[in-house]
Amino acid sequence: MAFNILIVDDSSSIRRLLKKVIELSGLEVDRIHEASNGLEALKVLEREWVDFIMCDIHMPQMDGIEFLKRLREDEVLGRIPVIMISTEGREEIIQEARKLGVKAYVKKPFTPEEIRDVIEKFVGEEFSRDAEPH
Amino acid sequence: MRNLIRQIFPEIMEKMFFMVPEELEGGTPMPRGDFVAEATLQGEREIAVRILVPEPLASAMAKNLFPDEEPSRERLKDILKELVNMLGGGLIMSLGPGWKLGLPRVYEGVEAFGLIGGIEPALEYDIDGEPLAIYLEG
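Because the structure is predicted, anything quoted here is derived from the model rather than measured. (Residues numbered from 1 in each chain as written. Chains lettered and ligands numbered in written order. Predicted model: local features only at pLDDT ≥ 70, side-chain atom pairs only at ≥ 80, totals over all residues.)

A.B. asks: I keep staring at the overall build of chain A and nothing clicks. Help me out?
C.D. replies: For chain A, the count of helices and strands is five helices and five strands. For chain A, the N- to C-terminal ordering of α and β elements is β-α-β-α-β-α-β-α-β-α. For 134 residues, the compact-globule formula gives about 14 Å, and the C-alpha radius of gyration of chain A, at 13 Å, lands near that figure. Looking at chain A as a whole, 37% of its 134 residues qualify as buried. Partitioning the intrachain contacts of chain A with sequence separation of at least 6 by distance along the chain shows that 64% fall at a separation of at least 24. (Helix = DSSP H or I, 4+ residues; strand = E, 2+ residues; numbered from the N terminus. Rg over C-alpha atoms; globule rule 2.2 N^0.38 Å. Buried ≥ 20, exposed ≤ 12 C-beta atoms within 10 Å, placed from the backbone. Contact = placed C-beta atoms within 7 Å.)

A.B. asks: Whenever I open this one, the overall build of chain B confuses me. Can you help?
C.D. replies: Along chain B, the regular secondary structure elements total four helices and seven strands. The helix and strand sequence of chain B, counted from the amino end, reads α-β-β-β-α-α-β-β-α-β-β. Over its C-alpha trace chain B gives a radius of gyration of 14 Å, about what one expects of a compact globule, namely 14 Å for 138 residues. Projected onto its principal axes, the C-alpha coordinates of chain B cover approximately 45 × 30 × 25 Å. Counting across all 138 residues of chain B, residues that qualify as buried make up 40%. Taking the contacts inside chain B whose residues are at least 6 apart along the sequence as the reference set, 65% of them involve residues at least 24 apart.

A.B. asks: Teacher, can you tell me more about the nonpolar core here?
C.D. replies: All names here are of chain B. Counting 70 residues, the largest nonpolar core has I51 and L80 as its most contacted members. By residue number, the principal contributor to this core is helix α3 (residues 73–95), which donates nine residues. Contacts of L80, omitting those with residues within four sequence positions, involve F35, A37, I51, V53, A58 and V106. (Core = buried A, V, L, I, M, F, W, Y, C linked by C-beta atoms within 7 Å.)

A.B. asks: Where do I start with helix α1 (residues 12–24) of chain A in this structure?
C.D. replies: Structurally, the α-helix is built with 3.6 residues per turn, so residues lying three or four positions apart point the same way. Helix length check: α1 of chain A (13 residues) gives 18 Å between terminal C-alpha atoms against 18 Å at 1.5 Å per residue, within 8%. What α1 of chain A keeps buried is the set S13, I14, R15, L17, L18 and V21 of chain A. Among the structural elements, β1 (3–8), β2 (29–35), β3 (52–55) and α5 (112–127) of chain A together with α2 (55–65) and α3 of chain B are those in contact with the buried residues of α1 of chain A. (Expected span 1.5 Å × (residues − 1).)

A.B. asks: Looking at this structure, I do not really get the sheet that holds β3 of chain A. What am I missing?
C.D. replies: Whether parallel or antiparallel, the strands of a sheet pair through hydrogen bonds between backbone atoms. All names here are of chain A. One open sheet holds the five strands; their spatial order is β2-β1-β3-β4-β5, and the pairing between them is parallel. Since the sheet does not close on itself, it has two edges, and those belong to β2 and β5 (102–107), each with one partner. Within this sheet the neighbouring strands show an average axis-to-axis angle of 20 degrees, counted without direction. In the sheet, β1 pairs with β2 via six bridges, with the strands oriented parallel. By the bridge assignment, V8 is partnered in β2 with A35. Together, β3, β4 (82–86) and β5 form the strand contacts of α5, whose direction differs from that of β5 by roughly 175 degrees. (Pairing = 2+ DSSP bridges. Axes fitted to C-alpha atoms, helices over the stretch in contact; angles between N-to-C directions.)

A.B. asks: Any chance you could explain the interface of chain B and chain A here in plain terms?
C.D. replies: Where interface size is given, it is often the accessible area lost as the parts come together that is meant. Residue-level contacts link 19 residues of chain B with 17 residues of chain A. The dominant element in the side of chain B that touches chain A, judged by the number of residues it contributes, is α3 of chain B, at ten residues. Split into classes, the residues belonging to the side of chain B that touches chain A amount to eleven nonpolar, two polar and six charged. (Nonpolar A, V, L, I, M, F, W, Y, C, P; charged D, E, K, R; others polar.)

A.B. asks: Mind showing me how you'd approach the pairing of strand β2 (residues 35–42) of chain B here?
C.D. replies: For a regular strand, side chains alternate in direction, first toward one face of the sheet and then toward the other. All names here are of chain B. Among the eight residues in β2, six count as buried, and that is most of the element. Between β2 and strand β3 (residues 46–53), which pair antiparallel and follow one another directly, the connecting turn spans three residues. Of the pairings in the sheet, the one linking β2 to strand β5 (residues 105–108) comprises four bridges and is antiparallel in character. Along β5, the bridge assignment pairs E38 with R105. Two strands pair when backbone bridges link them, and β2 and strand β4 (residues 100–101) are joined in this way by two bridges, in the antiparallel orientation. For L41, the partnering residue across the bridge sits in β4 and is L101.

A.B. asks: How do you make sense of the environment of V102 of chain A when you look at a structure like this?
C.D. replies: Residue and element names in this part refer to chain A. Secondary-structure assignment places V102 in strand β5. The exposure class of V102 is buried, given the 21 C-beta atoms found within 10 Å. Taking the C-alpha atoms as reference points, V102 and E88, 14 residues apart in sequence, are found 14 Å from one another. Beyond its immediate stretch of four places on either side in the chain, V102 contacts L68, V82, M84 and A97.

Structural data, given as structure tokens:
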């Protein structure tokens, strides 16, 4: 039961940090894909299936909200669960992200423990119905 | 705005970089630094938030995040971009609706000093023996 995950953040440091936290979380991982903005993430999703996405909001070229909109327009990709991780803590943005199907939200700055707890809870809720991820 | 920064900035340093900033009295005639990280807050007016950071402090932040890596200059700039982004994000959340955060940028050398020259820092900190100064403009 190994997960394929996509991390979308314009900061290579945040991507590396999230990868490290995921690897140390005990979650069984097949592959972790990376993208530095929404456009790149859509390109990754053209060729790779992922079980869930961890996505920033505030990014150049295509931000997280626009990426979510594009994702939800696609019948298949629109089903991929998303965790938002962002400096963006305004209620209206969080509400918009939730309307677009975001399942969990983590505000930066975060501790590795906060990320690990959210992933554990999220994976438990999202994948307990299925024996295995896709 | 200074009080908001006082509330937000130490939390970022502690949570993300495991460092405890000590606020200084201020008034340092020529704060030391190699990088200026900038984010703009756009609302009823535009405010630029700039953080002046010396390279040894940026390196220490990077090493606290990734102890197994000798940080490149790109890594340092990326970390500082994220630092100012988190500070800006915290500020717009506190300022209320109608404020937006611009994309962060990091400057070095003459370009960096052009941004802070002649401006008094709004807040100054000592972080593990290294100085850090925050500037506000607008």
